[in-house]
Amino acid sequence: MPNNRIFYACQAVAIAKTGENSGDSFRIMKGVQSVGLNTNFTLEQVFELGQVELYSNEEEIAEVEVTIEKVIDGEPLLYLQAVGNVGKTSIVSASNSRADVYLALYEDNITGINGQAPGSVAVCSGMFVSSVSYTYPVDGNATESLTLVGNEKFWNTQVPQVVGDAIARFIVDSTEDDEFGVANAGFPPVSGIIRRRGVNILGSVIPPEVCSQGHQGLTTVGNQTLPNSGIQSITVSADFGRENQLELGRFGPYNRYATFPFEVTCEFEVNATSGDLISVSGFGRNLTDRPIIIRDLAGTVLNLGTKNRLSSIAYSGGDTGGGIATITFSFSTFNSLTVDGGGDYY
Amino acid sequence: MVSENKINSLLYRIIKGRLRLTVGGLCLIIYEPDSDLIEESYSIYDSTYNEHYRNGDWVEDQLKEQLIDQGLWTPLDDKEIERITKEIEDVKVECFQNFFKLKELAGLKRKILNKNDQIGEILSRKHSLDHLSCENAAELARQNWLISKNTFYDNGAPANWTILNFSKIINFYKENIIEHSTVRKIARSNMWRTIWVASKKIELFNRAAIDLTRDQLTLCSYSNMYDAVHESPESPNEKVIEDDDCLDGWFISQRRKHEKDKKMQETEELIKNPKIKNSKEVFIMAKNKQEAESINDLNNELSKALVQQRKQTIQEKGTAKDTDFIDVQTELQMERQQAFINKMKGRK
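Residues numbered from 1 in each chain as written. Chains lettered and ligands numbered in written order. Predicted model: local features only at pLDDT ≥ 70, side-chain atom pairs only at ≥ 80, totals over all residues.

> Residues and numbers for the overall build of chain B, please.
Assigned secondary structure in chain B consists of 16 helices and five strands. Within the span of chain B, comprising 348 residues, buried residues form 20% of the whole. Summarising the internal contacts of chain B: among those between residues at least 6 apart in sequence, 69% fall at separations of at least 24. (Helix = DSSP H or I, 4+ residues; strand = E, 2+ residues; numbered from the N terminus. Buried ≥ 20, exposed ≤ 12 C-beta atoms within 10 Å, placed from the backbone. Contact = placed C-beta atoms within 7 Å.)

Below, the structure is given as structure tokens:
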């Protein structure tokens, strides 16, 4: 953890298709909880024969990394806003998309942002998606976490060109009782924030290994039919692993390609009722491809394709302190993740 | 400056729970009430309150309306008191931080006195109509009744109010109420500290806790406070402990530090995502001004200064890159130096 972290009270986050600021291309994101911003500079020292003193201190490309976390609430998803509709059909095509991230800060002395221009806006431009993950925990809110990487970041107060127009869109005409008139405040989320109840287990496609703990079947409570899943958490994540593509005559990279093949993982933590019930033989193949689709009541659909294989099983807990034993089933696939939900994008 | 002799005299007055009044050859003793008498005094309060209420006197809520109507006080004045109190806290912290700079300290103490006067002026306006309220009349009657019941001649006979001037006795009693600053001095005195330490093994004041007088309770409370200060791992200098304003400043700074640590801990718990938690710059969504303030308060002094510095740079330049910020420039300079040192070390 950095010694001198700076905390900003951020009142709005927007993600836009790089260089655009109109329509669905620019959107103030709702349900955002927190954002982390890292900027790293790289220096390379050059010395020369004949003197102890430094000959030159060459600056390499600065790395900017933004991580945004939002609750899943039926509102537009961070990942799809960053890559556009293409993220609904192909992660490979989505990996080429670039986005701009705007973090708007307002002055301490204002009581509402209604009609007010932001005091300053941190603009991270030309960002590529570096990783995305979705977490559905048994306690707390379902969250989407998106990390973008890039090489351009600046702070702005003026109104030049595209950035200026984009900043102007932060001037929210809010009549809600929320003081800052933040985009997501005052308005209830479209579907309500997704918590454990909101995970559509019946509508999801879950590998049979996960259902091996005797939690199968349905229970009817009143007029509701609920699945007996025993699942404690589901985490889907994809790490694009970006690499800079450089060329002569240019300081910054002209592209940051995703390091194909990149792994997409899905972890299920399940309360154990027996062992992991997975047999392993040294004489033949033990695994088969499994389809995985996770759905929630906010309309989010995470489709990991049909070629997911069990990569590891971890059995933990069940200690003498009365802790519950859990089994974590980790599945992995490559280059396959489509995300849907939160409406229409550019 | 209260002399040691006066301190000891007041200490024994508190220990015995009585005030001695000697006029000419007459000696009267006013005792502090015990719990039985205090309990009974509230029936006097109730009956007086009802009597005044029946007579059509105002209750406190009606008084507020009168105060506003007559332009004596508004709810904004309470906010003003809050603001000045906060300022006094800040000045006291400054007192603690500048304890060894005698000139500055004297100036700061004058500032505290001025601000206390400001509060006093607002409060006097706020309470200027109190004498018209049922509550005030009832409380006055209760206090007077307690004194009338607890005043005796030195031979133990109850005071004869048919021949004594009651209002003069009341005034004398009020004039001799021990101020908190004096009780704090007593709590620090050697005489009392010796008794206080010994009392951990034997009963203090020879009374049950419920029968302790107001001054005795105040003295015990301050003594506990000084114990806690001495036992604290970050206990301040003895001279700071002896200065009320500076010690208050130490308390305030400790409290603020504790609140900040707590807030920081809450934030750590709030931000579960390790990537965000470990970022150099963390943006937390603020819903309103209060939330924004408490998020900004998470920054330490250095970070706060950096934020201000950065804001200024952005204002000046309109558009700023990270490398325009002074802190980033300093960081880069340090990195260069470190790289140079590493390179040189590597050559040896």
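Picking up where we left off.
> Describe in detail the sheet that holds strand β18 (residues 293–295) of chain A, supporting the description with residues and values.
Residues and elements named next belong to chain A. Overall, antiparallel pairing links the three strands, which are arranged β18-β19-β22 in an open sheet. Each edge of the sheet is formed by a strand with only one pairing partner; in this case those strands are β18 and β22 (338–340). Strand-to-strand twist across the sheet, computed as the mean angle between neighbouring axes with direction ignored, equals 10°. Here three bridges tie strand β19 (residues 301–303) to β22, and the two strands are oriented antiparallel to one another. When the sheet's bridge partners are listed, N303 is paired in β22 with T338. (Pairing = 2+ DSSP bridges. Axes fitted to C-alpha atoms, helices over the stretch in contact; angles between N-to-C directions.)

> Can you explain helix α15 (residues 301–317) of chain B? Please cite residues and give values.
When the terminal C-alpha atoms of α15(B) are compared, their 24 Å separation across 17 residues agrees well with the 24 Å that a helix rising 1.5 Å per residue should span. Looking at α15(B), one finds that the buried residues are B:S303, B:R310 and B:I314. Buried residues of α15(B) fall within an arc of 35° about the axis and therefore sit on the same side. Exposed side chains of α15(B) directed beyond 90 degrees from the buried face belong to B:E301, B:A305, B:Q308, B:Q315 and B:E316. Against the buried residues of α15(B) lie β1 (6–10), β9 (120–137) and β11 (152–156) of chain A together with β5 (319–321) of chain B. Immediately beyond the C-terminal end of α15(B), within one or two residues, lies B:G318, with a positive phi of roughly 85°. (Expected span 1.5 Å × (residues − 1). Arc of directions from axis to C-beta.)

> Give me the lowdown on the packing of helix α6 (residues 134–150) of chain B against helix α7 (residues 166–175) of chain B, citing residues and values where you can.
For any two helices packed against each other, the geometry comes down to the angle between their axes and how far apart the axes lie. All names here are of chain B. Axis separation between α6 and α7 bottoms out at 11 Å; the angle between their running directions is 100°. Accordingly, the angle class assigned to the pair α6 and α7 is roughly perpendicular. Contacts between α6 and α7 involve N144, I147 and S148 from the former and F166, I169, I170 and Y173 from the latter. In terms of residue class, the contact of α6 with α7 is made up of five nonpolar, two polar and no charged. (Parallel < 35°, antiparallel > 145°, perpendicular 65-115°, else oblique. Nonpolar A, V, L, I, M, F, W, Y, C, P; charged D, E, K, R; others polar.)

> Which residues make up the pairing of β9(A), and what values do they have?
All names here are of chain A. Among the 18 residues of β9, 15 are classified as buried, and the element is accordingly described as predominantly covered. Looking at chain direction, strand β8 (residues 98–105) and β9 are connected through seven bridges and run antiparallel. In the sheet register, A99 faces β9, and the bridge partner there is M127. Looking at chain direction, β9 and β11 are connected through five bridges and run antiparallel. Within β11, the position partnered with A122 by the bridge is W155. Examined bridge by bridge, β9 and strand β10 (residues 143–150) share seven bridges and lie antiparallel to one another. Bridging across to β10, S131 finds its partner in T147.

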